[in-house]
Amino acid sequence: MPLQLSNEQLKDAANEFGTPVYVYHAERIKEQYENLLEAFKDTDVKFFYAAKALTNLHILRYVKSIGCNVDCSSINEVKLALLAGFEPSAILYTSNNISFDEIEEAKQIGVSINIDSISNLKKFGNKFGHRYPVGVRLRPNIMAGGNLKISTGHSASKFGVPVEDIDEILKVQEKTNLHIRTLHIHTGSEIKDVEVFAKGIEVLFEAVRHFPEVEVIDLGGGFKVPYMPGEEATDIELLGKKVKEEFEWYEKKDGRHLQVWFEPGKFLVSEAGYFITRVNVLKESGEITFAGVDSGLNHFIRPMFYGAYHEIENISNPSGKKRKYNVVGNICETDTFAEDRLLPEIREGDLLVFRNAGAYGFEMSSNYNSRFKPAEVMLKGGKAHLIRRREILDDLLRSQQEI
Ligand SMILES: *Cc1c(COP(=O)(O)O)cnc(C)c1O
């Protein structure tokens, strides 16, 4: 059984720090990282935690302490990673459609960079020639899963340089003497099927023939974690075997050794996170019973934004008689967390916990309706640490100017 926090631990955190609150279980992150290391132990591999899933400095420090590298999606995340103590050599910067200034700044800091457009590759090559190795993010034209919103490698996606434009990349390389060290793809999130990764590898092995200086194949993130009961995660053991086989085959065939990089976000932190809310109001409306909690799409938008399913538990009444509820938020928008969900009887004041809330939970929160962002708590070594206090009115006013 994977590590889990008990209802008692969650209740204690809610009572001590108030609700709504995100609680992260540090050792569960480590457990996931060790699962990855084990699955890929026979491959020359490096993991870069995709920080955008959860950027709290204490989480970043913890991720560093267990030996993992970090992948950043903005220059600000690069700066947070530095503050958390990562060396530039352990930082990767993979973004899209960013200004060349940001790429230059990242180069100045000395981090690894994946560039995702011909335009920026040209600018980089013109300015730095062969002096600084870079990666190229390719768009492999692969559909990952069924959800277009979280699929990034298909042929209508804005991400990366379309693989059919390799000639263009080669022209830039020839003209500017650009040093291309890495080929990168990231085909989306929640990729359950190992075959999607296999297809990506196939596309990259085809592409890499054109790039004699490439030493690294970066396969991005997107490992799936189970959301619904009975759902399965990406089979990382099978993926580990597949990757080992493929890269050994390639090395034998072409005599080239390639290092493999991955950028897991959700896989590392999702299951370590719990979002605890309290029920403000119960409302009957015909057939439906609404349970209105003290949060909404301002704090946890995945159900509304992606149609994401998150398990909900009533930790105040776990053995109550089951009934159906629509769990909704308190924001002046339709913010439904779950419809027709069978849950132990809910009373006003009960604590409802959303599971699997560590990734893209707090990170996507906002101040909509002028509500405060929730607190964040990290449980480590059995001890609860407040790692971000709940906001106060001053936080809403801080960046507003007198005129
Ligand atoms: C978001 C992102 C990831 C992480 O995706 P997960 O689904 O959280 O694993 C990795 N690489 C890049 C480039 C990303 O944008």
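Computed from a predicted model, the values in this text were never measured in an experiment.

Conventions we followed
- Residues numbered from 1 in each chain as written.
- Predicted model: local features only at pLDDT ≥ 70, side-chain atom pairs only at ≥ 80, totals over all residues.
- Heavy atoms only, no water.
- Near = heavy atom within 4 Å.
- Polar contact = N/O pair within 3.5 Å; in protein donor to acceptor, adjacent residues only side chain to side chain.
- Areas by Shrake-Rupley, 256 points an atom, 1.4 Å probe, with all protein chains shown as cover.
- Nonpolar A, V, L, I, M, F, W, Y, C, P; charged D, E, K, R; others polar.
- Helix = DSSP H or I, 4+ residues; strand = E, 2+ residues; numbered from the N terminus.
- Contact = heavy atoms within 4.5 Å.
- Buried < 20%, exposed > 50% of the residue type's maximum accessible area, 1.4 Å probe, protein only.
- Pairing = 2+ DSSP bridges.
- Right-handed = clockwise from strand over helix to strand, strands pointing away.
- Domains from an automatic or database assignment.
- Buried area = accessible area lost by both parts, 1.4 Å probe.
- Salt bridge = Lys/Arg side-chain N within 4 Å of Asp/Glu carboxyl O.

(A) Representation of the site of the ligand within the structure. Around the ligand, a shell composed of 14 residues is seen, among which Lys52, Ser189, Glu263, Lys266 and Tyr360 lie nearest. Within the side chain of lysine 52, one N or O atom sits 2.8 Å away from an oxygen atom of the ligand. In the model, an oxygen atom of the ligand is placed 2.4 Å from a nitrogen or oxygen of the serine 189 side chain. In isolation the ligand has 390 Å² of accessible area, and contact with the protein removes 92% of it. Among the residues forming the shell around the ligand, the class breakdown is 3 nonpolar, 6 polar and 5 charged.

(B) Highlighting the environment of valine 203. By the element assignment, valine 203 lies in helix α8 (residues 194–208). Through-space distance from the C-alpha of valine 203 to that of proline 140 is 6.5 Å; in sequence the pair is 63 residues apart. Ignoring sequence-local partners within four residues, the contact set of valine 203 consists of Pro140, Ile142 and Val163.

(C) Main features of the pairing of strand β8 (residues 180–184). By the criterion of burial, β8 is predominantly enclosed, with 4 of the 5 residues buried. Where β8 lies against strand β9 (residues 216–218), 3 bridges are found, and the strand directions are parallel. In the sheet register, threonine 182 faces β9, and the bridge partner there is valine 216. Handedness of the crossover is the feature at issue here: the chain leaves β8, passes through α8, returns alongside β9, and the resulting connection is right-handed.

(D) Up close: the domain arrangement of the protein. Entries for the protein in the domain assignment read domain 1 (40–268) and domain 2 (273–397). Taken over C-alpha atoms, the centre of domain 1 sits 33 Å from the centre of domain 2. Contacts between the two partners involve 18 residues from domain 1 and, on the opposite side, 16 residues from domain 2. Each partner contributes to the roughly 1700 Å² buried at the junction of domain 1 and domain 2, and carbon and sulfur atoms together form 57% of this total. Linking domain 1 with domain 2 are 1 salt bridge, by the criterion used here. Across the pair glutamate 190 and arginine 302 runs a salt bridge whose closest N-O atoms are separated by 3.4 Å. Counting residues per element, the side of domain 1 that touches domain 2 draws most heavily on helix α3 (residues 57–65), at 3 residues. For the side of domain 1 that touches domain 2, a count of residues per class yields 10 nonpolar, 4 polar and 4 charged.

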